[in-house]
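Summary of structural features
Listed below, chain by chain, are the residues.
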Amino acid sequence: MNIRSFLTLSRRGLLRLPAVAALPPALLHPDPLPPDPASFNFPPGFAFGVSTSAYQIEGAVREDGRGDSIWDEFCHNPCRVKGGQNANIAAGHYHHMPEDVALIADAGLRNYRFSVSWPRLFPDGGSRPNPKGFAFYDRLLDALLTKGVTPWLTLYHWDLPQALQAKGGWTSRDTAVRLAEFAYLTSRALGDRVPNWLVMNETAVHAYIGHCLGYHAPGLTGQDNWFAALHHLNLGQGMAIEALRASGAKGRIGTVAACEPIRPSSPALEDAQAAERFDAAWNGAVLEPLFFGSYPELIAADIAPHVRSGDAGIMAQPIDMLGINYYSRLNIAHNPAYPLSAYFGANPRRSPYFAGGWPIEPDGLYEILTRIQHRYSPREMFISENGFATVGTDTSGAPLDDVARISYIAQHLRFLRRAMDSGANVSGYFVWSLLDSFEWNDGMKWHFGLVAVDPVTLERIPKRSCHWYGALACAHEAMRI
Ligand code: IFM
């Protein structure tokens, strides 16, 4: 059987729907010059914003009663993160918060997605709050609302309190209960000013890279840890959604998933089958439980030892909006050295790359959005992350004149618009990221920011992309008035 008939016959997961064949290749060409920001035509009310996460920007890890997170612990081992770096200072946002909020508002952006740090709010992962931690997010919410910027609050962006890791972290079912408690208490304290709640960030990445490959905190390895974490994250997400509702949260409730089309590395049947298994574990094992309460057939038996009766009903929750983080397709090859005999492989298409790392494939955004729309019909989707990285610490000259980042955003916006024209129900787009920040195991090497941060002085310097993207958002605001 050749790969085409294999994929057509396949009945599982996201791999099977042909979606991109008819797209004009001209759309894949980068823009030589920044396109006119007013030339994009998104509907009235479409939300343009920027995203960050607490651990990647805040710093101040030992200040005002914050507890340790698994990432603090991970960074203690100098071999884990490039250059032995840590996020003790990161972008210094804890002390520069009013300036950062002003940067968002002054750029003309009206939406900000950020995460709260669990160990800053509850240092030992239990129900004992840290008043100074809550005071920080009180000030942040007030500052945003005063400046007319709508908050989109992510509860969990990978910074589990180390105290919970000591009890098993996400391999333990109890962590799901702790997340629900954290959601409930945070909503009771801050909920009057949160119009948008997002429970998780990228369950698939956290479970696989952090609990199977060990490249991210907590640095665990192996298939059993992977699937235990995956299930408990799904369960915790369901429990947290229920807890937010029970808390009387007035805001809309959703979550964020890393959704990437999975592509076989070659036409070989064994690569196609590996890609199908990986798709089931990456996209399917996050979206199917959320929308249908079940796991994809291909991996259900492997996850079953962690699943208890009643879990399906907890995981399947109606949500107001699904955030999609999209950067590129994932290329998967058969590789018996890894769980599921699947691992990242060669890119069968000659795509350009950014930062020497990730392929630039804006049509993949079209592909994943139309597929998710087709299979799950979410009430609403928004692009919660999409962005472009450069490498290096220079904050002057070329990195500030970042036309390549503008081109990347423009290309993705065009494919997003086409997906909407094809029926994808998308209501917003958030660039990753506002600031150059701590890029996990890559340390401070990769720079995703619309705004550069001087590593010594922490001075903020908006790049050309910040002005361009702000102008695009303003052009749409103007159309609305
Ligand atoms: O920086 C990360 C973010 O924390 C989660 N999504 C991908 C980004 C870029 O790697």
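Okay, so let's go over this structure.

So, how was this worked out
Residues numbered from 1 in each chain as written. Predicted model: local features only at pLDDT ≥ 70, side-chain atom pairs only at ≥ 80, totals over all residues. Heavy atoms only, no water. Helix = DSSP H or I, 4+ residues; strand = E, 2+ residues; numbered from the N terminus. Rg over C-alpha atoms; globule rule 2.2 N^0.38 Å. Contact = heavy atoms within 4.5 Å. Areas by Shrake-Rupley, 256 points an atom, 1.4 Å probe, with all protein chains shown as cover. Lys, Arg positive; Asp, Glu negative; His and termini not counted. Charge placed at Lys NZ, Arg CZ, Asp CG, Glu CD. Near = heavy atom within 4 Å. Polar contact = N/O pair within 3.5 Å; in protein donor to acceptor, adjacent residues only side chain to side chain. Nonpolar A, V, L, I, M, F, W, Y, C, P; charged D, E, K, R; others polar. Buried < 20%, exposed > 50% of the residue type's maximum accessible area, 1.4 Å probe, protein only. Pairing = 2+ DSSP bridges. Axes fitted to C-alpha atoms, helices over the stretch in contact; angles between N-to-C directions. Salt bridge = Lys/Arg side-chain N within 4 Å of Asp/Glu carboxyl O. Core = buried A, V, L, I, M, F, W, Y, C linked by side-chain atoms within 4.5 Å.

Some remarks on the overall build of the protein chain
- Along the backbone of the protein chain there are 16 helices and 17 strands.
- Over its C-alpha atoms the protein chain spans a radius of gyration of 21 Å, differing by no more than 12% from the 23 Å that the globule rule assigns to 481 residues.
- On the principal axes, the C-alpha backbone points of the protein chain span a range of 60 × 55 × 45 Å.
- Counting only contacts in the protein chain whose residues sit at least 6 apart along the sequence, the fraction spanning at least 24 positions is 79%.
- On the protein chain, roughly 17300 Å² of surface is accessible, and the fraction owed to carbon and sulfur atoms is 54%.
- Looking at charge distribution, the protein chain has the averaged site of its 41 positive side-chain charges lying 4 Å from that of its 46 negative ones.

A closer look at the site of the ligand
- Around the ligand, the neighbouring residues are Gln-56, His-157, Trp-158, Asn-201, Glu-202, Tyr-327, Trp-358, Glu-385, Trp-432, Glu-439, Trp-440 and Phe-448.
- Interatomic distance of 2.8 Å between a side-chain N/O atom of Glu-202 and a nitrogen atom of the ligand.
- In the environment of the ligand, a nitrogen atom lies 2.5 Å from a nitrogen or oxygen atom belonging to the side chain of Glu-385.
- Within the complex, 96% of the 280 Å² of free accessible area of the ligand lies under protein.
- Tallied by class, residues from the shell around the ligand come to six nonpolar, three polar and three charged.

Considering the pairing of strand 1 (residues 47-51)
- Most of strand 1 is tucked away, with five of its five residues classed as buried.
- Across five bridges, strand 1 lies against strand 14 (residues 426-432) in parallel orientation. Each residue of the ladder has a partner; that of Val-50, found in strand 14, is Val-431.
- Relative to strand 2 (residues 111-115), strand 1 runs parallel, the two being bridged by two bridges. Paired with Val-50 across the two strands is Tyr-112, which belongs to strand 2.

A short note on unusual backbone geometry
- In this chain, Ala-217 is followed by Pro-218 through a cis amide linkage whose omega measures 10 degrees.
- Inspection of the secondary structure puts Pro-218 in the loop between helix 9 (203-211) and helix 10 (223-246).
- In this structure, Leu-340 takes a positive phi of about 65 degrees despite not being glycine.
- Following the sequence through the fold, Leu-340 ends up in the loop between strand 8 (330-334) and strand 9 (342-344).
- We classify Leu-340 as buried; its relative accessible area is 12%.

Things to note about the sheet that holds strand 6 (residues 262-264)
- One open sheet holds the three strands; their spatial order is 6-8-9, and the pairing between them is mixed. Across the chains shown, the open sheet's two edge strands, defined by having one partner strand only, are strand 6 and strand 9. Neighbouring strand axes in the sheet, compared pairwise and without regard to direction, differ in orientation by 45 degrees on average.
- Across three bridges, the pairing between strand 8 and strand 9 is antiparallel. Its bridge partner lying in strand 9, Ala-333 is registered against Tyr-343.
- Against the sheet, helix 11 (residues 269-292) touches strand 6, strand 8 and strand 9, its axis set at about 125 degrees to strand 8.

A short note on the pattern of salt bridges
- For the structure on display, the rule yields 27 salt bridges.
- Note that Asp-421 and Arg-417 form a salt bridge whose closest N and O atoms lie 3.0 Å from each other. Of the two residues, Asp-421 and Arg-417 both sit in helix 15 (residues 403-421), four residues apart, roughly one turn of that helix.
- Judged by relative accessible area, Arg-417 falls into the partly exposed class, the value being 22%.

Examining the sheet that holds strand 5 (residues 252-258)
- With parallel pairing, eight strands are arranged side by side around a closed barrel as 1-2-3-4-5-7-12-14. Strand after strand, the sheet turns through a mean of 25 degrees between neighbouring axes, direction not considered.
- Examined bridge by bridge, strand 12 (residues 381-385) and strand 14 share two bridges and lie parallel to one another. When the bridges of strand 14 are listed, Ile-383 appears paired with Tyr-429.
- Sheet strands touched by helix 10: strand 3 (150-156), strand 4 (196-201) and strand 5. Its angle to strand 4, the strand with the most contacts, is close to 165 degrees.
- Sheet contacts for helix 15: strand 1, strand 12 and strand 14; angle to strand 14, the most-contacted strand, approximately 165 degrees.

Let's talk about the nonpolar core
- Core analysis: the biggest nonpolar cluster contains 148 residues, and Trp-71, Tyr-112, Trp-226, Leu-369, Leu-416 and Tyr-469 have the highest contact counts within it.
- Here this core takes 11 residues from helix 10, the largest share from any one element.
- Here Trp-71 is in contact with Tyr-55, Trp-158, His-216, Ala-217, Phe-438, Trp-440 and Asn-441, once residues within four sequence places are set aside.
- Of all hydrophobic cores here, the second largest spans seven residues; its members include Leu-198, Met-321, Phe-382 and Phe-430.

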